[in-house]
Amino acid sequence: MSGHMSKEDLLKAYRKMRQIREFEERIHTEFATGEIPGFVHLYAGEEAVAVGFCEHLNDKDRISSTHRGHGHCIAKGVDIMGMMAEIYGRKTGTCGGKGGSMHIADLDVGMLGANGIVGAGPPLACGAGLASKLRKDGSVSVVFFGDGAANQGTNFESMNLAVTWDLPVVFVLENNGYAESTSPKYTARVGTENIADRARGFGMPAITVDGNDFFAVYEAAGEAIERARKGGGPAFVECKTLRYYGHFEGDAQTYRPKGEVKEARANNDPLKRFAAVVVAADLIDSAELEKIDKEVLAQIDGAVTAAKAAPEPDPESLFTDVYVSY
Amino acid sequence: MNSDLVANSAVGIIANPASGQDIRRLISAASGCSISEKTNIVRRLCLGMRVPGVEKVYLIPDHSGIAGSLLRIRDQGSAALGENWPEIALIDMPVEEKAIDTLRAVNLMVKAGVRLIVVLGGDGTHRLVASGCADIPLVALSTGTNNTFPHFQEATVAGIAAGLVATGAVAVSDATRRNKVLRVEIDERCCDLALVDLCLTDDIWIGSRAVWKAERVREIFVPFARPDAIGWSAVAGYVRHISRESSDGLHLVLCPPGQGLLTLCAPIAPGLILPVGIAEIHTLKPLDVISLKNLTGTVSLDGEREFTLRQCTSLNIWLDLNGPLTVDVPHVLNLAAERGFLYCASTESTKMPFER
Ligand SMILES: Cc1ncc(C[n+]2csc(CCOP(=O)(O)OP(=O)(O)O)c2C)c(N)n1
Ligand SMILES: [Mg+2]
């Protein structure tokens, strides 16, 4: 467990973080060309949170996600080719090109879906957690949600329900300092610094970690997930992080302090910090990391090329996947 | 009351918003302390300090956190409950929500001429303050149950004691005691200190900082050792009681439980009691430098991993008797009671002592 990642584990985690970063950087560039339909919210800068948690999960474990969901999808193992095609609205996409960025879902790997409704993830994770509990299959659910979502009634109800029913659910708050343009400092009295303060009031252990430090997230995630898996009930982990891009692509970001992102990219970048730790500890040399960087770059490049070349969904497909029959 | 009281007595308060929030709430039954509760504690401190006449309190300007809430609570408390507050001054400094805030604030408080600093936090917060406060006395208060250096004490009472010292009603020489510290030097450059314990661990990263896996701790150094402590220092306390006043420290080399000289069952975090094997026991004498080389892993200071070591790192550790001064709150209050400092002006008066 924590503190005992093999070299293979470390390389795998780094590759995932690099995949998320490269995926988002590329969409940032491609979106500007106008070729991508709909809306995208980028996860760049927050990679350590999704990967730090999902590295402890298997395909039976489920996650629920947000409008900023690409990172969660990649970390949980959704196919990158399918994701890119989905974002381009192509037939080969994860959801047949009919969902787009905010609805990527893949139940086979336990990804319950990105979600355009802020605060919709916590009840979904509780539902999945209830299923795990009733089936006694040892699976857990993890809900990623933002500081803005933390103010939604759905989230408070879910925290209360998870504690009351002892559900194997881990609440992962991605506190990136902004809900669109508003800081959590202006939207509550309790939780202006640490939103974890509120969760404690529901009766579950709640902690705050440096969300840009992969190792801090990974350790906390390991403990919270193992606890839930063994029947210890829900826990809440607040990860302090920062998004590198606007709330959505096209956001003018006039609410941000000048230089905030530049400073973070230089001194608080989750990938750079990961690399610094493993290289300093003589666990991995930088050439191995650079090799991964190159491979990932080629992979994302391939995904974009394939997505652009893929066909659009047939008009008839409008009538499929609308209702689920039980 | 003493006639040569200090005019404009000012006190600094360092209340760490991040204390009581770390992974120990997940891996053990450690108590948590919310910002609201910390704000409430600071309020009680301020009201206590006002009794002997503290005029001004300096705080870190975390407008969205403790300081911001405190100003609101002050206005409400003064208006609705008639509370008597000292002036609240926010230090002019940037807030980064990192340890650097504490270091910066202590520095600026010292420059502003505070007579005393009240610290609200855990062992880690106290360590940061101790590294910059020189001989300004500290009132060391714990925000939770997980600490060995500071005491868990009602803030109103601690505030009164702090005020008695800050105003000069009780002399610093009568009120304080000197603490021992461990100094650590890494590669003969970076120097740091530990107030409670220094551990060498097998972890390869700092990560979530806390140290709770007994099998990963190789060596423990402590400046004092009490069996009623919590944390790694308790392990040393079970081996030998070394008071905070004595001039010794202790160095233990650990081994797997069931091997070595003895095996202890020690409370290394609240509710987390683990067997710990002891292989070697050494007394630390002041300024005897323990030099270590060829280590990998991390160095933890006061329960938190701080540095990672590489094969080539050299480490010097020694006991220094010249650590920070801390106020003995019960002793100060005893003196004040004996000397009648806390009486109102007369039996007919209900004025605060300083208002005479
Ligand atoms: C129910 C609902 N209300 C409002 C919105 C509009 N909206 C989209 S994202 C967002 C802010 C979310 O902030 P946060 O939860 O902090 O997530 P972040 O964008 O920072 O990742 C809002 C208000 C929405 N999609 N759904
Ligand atoms: Mg946010």
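Definitions and cut-offs
- Residues numbered from 1 in each chain as written.
- Chains lettered and ligands numbered in written order.
- Predicted model: local features only at pLDDT ≥ 70, side-chain atom pairs only at ≥ 80, totals over all residues.
- Heavy atoms only, no water.
- Donors = N, O, S within 2.8 Å, 3.2 Å for Na, K, Ca; no water.
- Helix = DSSP H or I, 4+ residues; strand = E, 2+ residues; numbered from the N terminus.
- Buried < 20%, exposed > 50% of the residue type's maximum accessible area, 1.4 Å probe, protein only.
- Pairing = 2+ DSSP bridges.
- Domains from an automatic or database assignment.
- Contact = heavy atoms within 4.5 Å.
- Buried area = accessible area lost by both parts, 1.4 Å probe.
- Salt bridge = Lys/Arg side-chain N within 4 Å of Asp/Glu carboxyl O.
- Polar contact = N/O pair within 3.5 Å; in protein donor to acceptor, adjacent residues only side chain to side chain.
- Nonpolar A, V, L, I, M, F, W, Y, C, P; charged D, E, K, R; others polar.

Next up on the list: the coordination of the magnesium ion (ligand 2). Residue and element names in this part refer to chain A. All of the protein donors around the magnesium ion (ligand 2) are Asp147 (OD), Asn176 (OD1) and Tyr178 (O); their distances to the metal are 2.1 to 2.2 Å. Along the chain, the residues donating to the magnesium ion (ligand 2) fall in the pattern D-x28-N-x1-Y. Of the two residues, Asp147 sits in the loop between β2 (141–146) and α6 (153–164) while Asn176 sits in the loop between β3 (169–175) and α7 (196–201), which places them 29 residues apart along the sequence. The class of Asn176 is buried, set by a relative accessible area of 7%.

Take the pairing of strand β16 (residues 304–309) of chain B next. All names here are of chain B. Most of β16 is tucked away, with five of its six residues classed as buried. Note: strand β15 (residues 297–301) against β16, five bridges, orientation antiparallel. Bridge pairing links Thr298 to Thr308 in β16. Taking the residues between adjacent antiparallel strands as the criterion, β15 and β16 are bridged by two residues, where Asp302 takes a positive phi near 50 degrees.

This part covers the domain arrangement of chain B. Residue and element names in this part refer to chain B. Along its sequence, chain B is organised into domain 1 (3–179 + 324–355) and domain 2 (181–320). One C-alpha centre belongs to domain 1, the other to domain 2, and the line joining them spans 29 Å. Listed by partner, the interface residues are 22 residues for domain 1 and 24 residues for domain 2. Note on domain 1 versus domain 2: buried area summed over both sides is about 1900 Å², and carbon and sulfur give 60% of it. For domain 1, the biggest contributors to the area lost against domain 2 are Ile27, Arg127 and Thr148; these three give 34% of the whole. Linking domain 1 with domain 2 are four salt bridges. One salt bridge connects Arg127 with Glu306, and the closest N-O pair in it is separated by 2.8 Å. For the interface between domain 1 and domain 2, the tally reads six residue pairs in polar contact (both at pLDDT 80 or more). Considering every element that reaches the side of domain 1 that touches domain 2, the biggest residue donor is helix α5 (residues 123–130), with five residues. When its residues are assigned to classes, the side of domain 1 that touches domain 2 shows seven nonpolar, 10 polar and five charged.

By the secondary structure assignment, Arg200 of chain A is in helix α7. For the pair formed by Arg200 of chain A and Met159 of chain A, sequence separation is 41 residues and the distance between their alpha carbons is 9.8 Å. With residues up to four places along the chain from it excluded, the contact list for Arg200 of chain A reads Ala206 of chain A together with Gly20, Gln21, Gly32, Cys33 and Ser34 of chain B.

The subject of this paragraph is the interface of chain B and chain A. Contact residues are listed per partner, giving 28 residues for chain B and 36 residues for chain A. Taking both partners together, chain B and chain A bury about 2600 Å²; carbon and sulfur atoms supply 52% of that area. A per-residue breakdown of the area chain B buries against chain A is headed by Gln21, Leu26 and Trp205 of chain B, which together make up 29% of the total. Across the chain B-chain A interface, the total number found is five salt bridges. Across the salt bridge formed by Arg305 of chain B and Glu219 of chain A, the nearest N and O atoms sit 3.0 Å from each other. The interface formed by chain B and chain A holds 12 residue pairs in polar contact (both at pLDDT 80 or more) in total. For the side of chain B that touches chain A, the element with the most residues is helix α1 (residues 24–27) of chain B, which contributes three residues. A class-by-class count of the residues in the side of chain B that touches chain A yields nine nonpolar, nine polar and 10 charged.

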